[in-house]
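Summary of the model geometry
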Amino acid sequence: MGNNVLRLEHCTMQFGGVVAVDNFSMEVNEHEIVALIGPNGAGKTTAFNFVTGVYEPTNGKVFFHDELMVANHPAGKMKKLYKGDPDQICEKIVRKTPDQITKLGIARTFQNIRLFKALTVFENVLIAKHMHAKSGLLKTAMHLNYREEIQMRKEAMELLEMQNLAAYRNDIASSLPYGQQRHLEIARALATNPTLLLLDEPAAGMNPQETDELAAFIKKTKEDFNLTVFLIEHHMDLVMGISDRIYVLDFGKMIAHGLPADIQNNDRVIQAYLGVEENA
Amino acid sequence: MKKSTKTLFNIIAVSIILAILIFLEMNKRKFSYDISIIERSMIYAVAAVAMNLTNGFTGLFSLGQAGFMAIGAYTVALLTIPVEARAGVFYVTGMNEFLSKIELPFIPALLLGGLFAAILAGLIGIPVLRLKSDYLAIATLGFSEIIRSIIASPQLNMITNGSYGLKKIPRFSSIFVPIALCCLCILIIVLLINSSYGRAFKAIREDETAAEAMGINLFKHKLTSFMISSFFTGVAGGLLASYMGTIDSGTFKITLTYDILLIVVLGGMGSVTGSILGSFLVTAGREWLRFFDQPLKVGSWQVPLFRTGFRMVVFSVLLMVVVLFYSKGLMGSKEFSWEGLVRFFKNLFTRKQKLNGGVSNGK
C-alpha cells in the first residue's frame, strides 16, 4: 500500500435503517491535501468522524500509517438491519477514544469553533501540550516539573509566534475576531504535534478574502509542519485551490474521486450539486 | 503596580494577620467566640476551595460534600478520642474491640480521613462521573445521604455509635493548628490549579469535546479532580470534628453541602480567593445577624418578626441581593490582587462623585 497515512476500508454507517455512509473507501497519502466534499446530508461529517473517534462505523476499518486504528462489524440489532456489502464484514473490533486518537498523531479542528473560550490564547495552546507531559500528578501539582513546564511554555510560545498570534497571547480566546479564532484553533491542533491534520469546514462563515488567506495558510502550514491534511469543505474555491485529490459523497455513496480539474467537469458531481437540468 | 510594592503589601498583610492571631491566642478566654468564628470560617474555606476544584474548575457539579466530610470527621474522631474516654462515649453498646485499641495522633488521623474519603470518591466516581451536570449532582447528593444513613444505622453502633454521636474528640490546642493546616490545604489546591493538570481541568470545564480532541483523557482527569477534591473535603471534615468536639450524623445533613455550595457561589465559581472571602462572609454574617433572633422592644412596643429564626430570613434576603447584583459571585472567576482592590475602591469613589454631579476625573 506504500506510504498512505490514512485509509478507510469499506466503511458503512447506519443509523437504524438509514444508511448515512455506504461502503466508503478512501486513502490519504503522505504530504497530500485531500478534500471530502458533497451536498448537505451526504455523509461527509459522518465519514470524518470515523477518523476522529466520535462515531464508530457500523462496519469497516480505518488504518493510520498502515496500522489498524478502528474496526467494527454489525452486532446486535444491526445484524438484521445491516444493508452494506455482506462480503466486507470485518471480524476484529478495535476501538479508540478521541484522546487516544489525538495521541497517535491526528489533530482536528471543529466546524463550529470550539476554543476554550474563557481562557487566554496562550493557555489554549498550552493545554494541547499537556498530554505529552511525562511528570506524574504529584510532581506536577507541587510544581517540581519546572523544566518540563518551561519547555512546554517555550514550545507553545514558538507556535504562537509562528502563527502570528503572539500579539494576542494574553487575550481571552472568545474576544478574538472570527478569522483569528479559526487560526488559533488550527494553532492549537498543531500544538499536539500531529502528522495528520483534520479540518472540519475550516472556511465556514468566512468571507472570500478570509477564505483566500486561509487557503494560503493551510498550504504553508502543511509545508512548515510536514503535515498531511484531510478536510471537509463547502467552499468550492478553497477546495479546488488547495486539494491534491478530492472525494465526492452523495447520499452516503462515493460518486467520484480524482484531481480537482476532473471533479470540476464531472457530470455526476455537477448533478449532485446543482440538480438535473430540466428547463435549460 | 511594581512587584516590590506588591511584595511589601503582601508582607504587611501577612504580618497583620499573624499579629491578630497572636493577639487572639494570648487572650483566648476573652475572644473565644471570635476565635471559633475564624476557625469555622477557615475550615469551611477548605471545603469550599475543594468544592471549587470540581465545580468551578473542572465543571463537575458534585454535591457529595457532606458525605465526604462525614467520612473524614468520623475517621478522625474514632482514631483520636482517647482510649480511656471511649467506654464513656460508647456507653450504650460498647466499642468494637479491635477499633477500641487504636489511637493515632491528630495529623495521621486527619490524613487517613482524607485518604478514606478519596478512596470512596474513586469507587463511586467510576460509575457516577459518566453522568453530566444535574444528573451528577443528584447522584452525589444521594451518595452523601447514604453515607449519613449508614453512619446513623443501629447496626454500626459498635463502630460509629449510631445516632448517639461521638463526644470527647480532642480539641485544637491553639488557634494556629487549624489555621496552618487550612492554609496548607488551600495552598496545595492552588498549586494544583496553576499546574498543567489545573489547565487540563479548566479545558474540560470549557469544552469537553475540544479537551478530548487535545488528547486529554476525560475520565481520568475528572476522576483525579474528584478524588483530590474529596481528599481535602475529608480533611475539612476531620478538622470540623476536632473543632466541634462532638459530632453526630445530623451534623452532616444536606444543609452542610448547601452551606458550602452557597459559599462557592457567593464567592464566585472558579475563584479560590472568592471561596475564602465567601466563607468568612457567610460564617461571620450569620453570627452578626444574631440580634434579629432576640425579641426587640422599642419603648413598650414589641417589634414584630424579631424572634428565633428571623435571622435566617434576613440572611437569605441579603444573599439574594448579593446574587442579584453580582450574578457571578463576588469575585467572578478572578482572583484577589492588590490592583483589583485599588480599582474597586477607585470605582467606588468615582461612582459617588458622579452621583453627586462632580467631575470624576478631576483628581
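- Chain A has the name Amino acid/amide ABC transporter ATP-binding protein 1, HAAT family in an unreviewed UniProt entry, where Flexilinea flocculi is given as its organism.

A word on the sheet that holds strand 2 (residues 18–29) of chain A
Residues and elements named next belong to chain A.
- Strands sit in the order 2-1-4-5 across an open sheet of four strands; the sheet is antiparallel. The sheet is open, and its two borders are formed by strand 2 and strand 5 (67–72), each paired with just one other strand. In this sheet, adjacent strand axes meet at a mean angle of 15° when their direction is disregarded.
- Taken together, the five bridges between strand 4 (residues 59–64) and strand 5 define a ladder with antiparallel strand orientation. By the bridge assignment for strand 5, phenylalanine 64 is matched with glutamate 67.
- Strands strand 1 (4–15), strand 2, strand 4 and strand 5 of the sheet are contacted by helix 1 (residues 44–52), whose axis makes an angle of about 120° with strand 1.

Re the environment of Lys101(B)
- You can see Lys101(B) is positioned in the loop between helix 5 (97–100) and helix 6 (106–128).
- In this structure the C-alpha to C-alpha distance between Lys101(B) and Gly332(B), which are 231 residues apart in sequence, comes to 49 Å.

Regarding the packing of helix 3 (residues 65–80) of chain B against helix 6 of chain B
All names here are of chain B.
- For the pair helix 3 and helix 6, interaxial distance at closest approach is 8 Å and the crossing angle is 145°. For helix 3 against helix 6, the interelement crossing comes out right-handed. Residues Phe68, Ile71, Gly72, Thr75, Val76, Leu79 and Thr80 of helix 3 touch helix 6, and the partners they reach there are Phe106, Ala109, Leu110, Leu112, Gly113, Gly114, Phe116, Ala117, Leu120 and Ala121.
- Per-class residue counts for the contact of helix 3 with helix 6 are twelve nonpolar, five polar and no charged.

Remarks on the confidence of the model for chain B
Residues and elements named next belong to chain B.
- Residues with a pLDDT of 70 or more make up 97% of chain B, whose mean pLDDT is 89.
- Here residues 358–363 is a poorly scored stretch, pLDDT under 50, and it has four contacts once near neighbours within four places are set aside; other chains count.
- Interface confidence in the predicted complex, given as ipTM, is 0.88; pTM for the same model is 0.89.

Comments concerning the interface of chain B and chain A
- Across the boundary between the two partners, chain B contributes 21 residues, which contact 26 residues of chain A.
- If you list the elements that add at least two residues to the side of chain B that touches chain A, you get helix 9 (176–193), helix 10 (196–206) and helix 11 (208–213) of chain B.
- In terms of residue count, the dominant contributor to the side of chain B that touches chain A is helix 10 of chain B (seven residues).
- For the side of chain B that touches chain A, the per-class residue count stands at nine nonpolar, seven polar and five charged.

Considering the domain arrangement of chain A
Residue and element names in this part refer to chain A.
- By domain assignment, chain A separates into domain 1 (1–105 + 194–279) and domain 2 (106–193).
- In this assembly, 22 residues from domain 1 lie in contact with 15 residues from domain 2.
- For the side of domain 1 that touches domain 2, the elements supplying multiple residues, two or more each, are helix 1, helix 3 (98–104), strand 7 (196–200) and helix 8 (208–224).
- Residue contributions to the side of domain 1 that touches domain 2 peak at five residues, all from strand 7.
- In terms of residue class, the side of domain 1 that touches domain 2 is made up of 13 nonpolar, five polar and four charged.

A closer look at the sheet that holds strand 10 (residues 253–258) of chain A
Residue and element names in this part refer to chain A.
- Taken together, six strands build an open sheet; the order of strands is 6-7-8-3-9-10 and the sheet is mixed. Both outer strands of the open sheet, strand 6 (106–108) and strand 10, are each paired with one neighbouring strand and no more. When strand polarity is set aside, the average angle formed by the axes of neighbouring strands in this sheet is 15°.
- Strand direction decides the pairing type here: strand 9 (residues 245–250) and strand 10, joined by five bridges, are antiparallel. Residue pairing across strands places aspartate 250 opposite lysine 253, the latter belonging to strand 10.
- Against the sheet, helix 1 engages strand 3 (33–37), strand 6, strand 7, strand 8 (228–232) and strand 9, with an angle of about 150° to strand 7.

A few points about unusual backbone geometry
Residues and elements named next belong to chain A.
- Although it is not a glycine, asparagine 23 sits at a positive phi angle of roughly 45°.
- Residue placement: asparagine 23 occurs in strand 2.
- With 18 C-beta atoms counted inside 10 Å, the residue asparagine 23 sits in the partly exposed group.
- At phenylalanine 251, a residue that is not glycine, the phi angle is positive and equals roughly 50°.

Observations concerning the pairing of strand 8 of chain A
Residues and elements named next belong to chain A.
- Across the five residues that make up strand 8, a large majority, five, are buried.
- Side chains of strand 8 alternate between two faces, with Thr228, Phe230 and Ile232 and Val229 and Leu231 buried alike.
- As paired elements, strand 3 and strand 8 share four bridges and run parallel to each other. Bridge pairing in strand 8 links leucine 36 to isoleucine 232.
- Direction of pairing for strand 7 relative to strand 8: parallel, over a ladder of five bridges. Bridging across to strand 8, leucine 198 finds its partner in phenylalanine 230.
- Each parallel crossover has a hand, and the one from strand 7 via helix 8 to strand 8 is right-handed.

What counts, and where the lines are drawn
Residues numbered from 1 in each chain as written. Chains lettered and ligands numbered in written order. Predicted model: local features only at pLDDT ≥ 70, side-chain atom pairs only at ≥ 80, totals over all residues. Pairing = 2+ DSSP bridges. Helix = DSSP H or I, 4+ residues; strand = E, 2+ residues; numbered from the N terminus. Axes fitted to C-alpha atoms, helices over the stretch in contact; angles between N-to-C directions. Contact = placed C-beta atoms within 7 Å. Left-handed = near helix turned anticlockwise from the far one by under 90°. Nonpolar A, V, L, I, M, F, W, Y, C, P; charged D, E, K, R; others polar. pLDDT = per-residue confidence, 0-100. Domains from an automatic or database assignment. Buried ≥ 20, exposed ≤ 12 C-beta atoms within 10 Å, placed from the backbone. Right-handed = clockwise from strand over helix to strand, strands pointing away.

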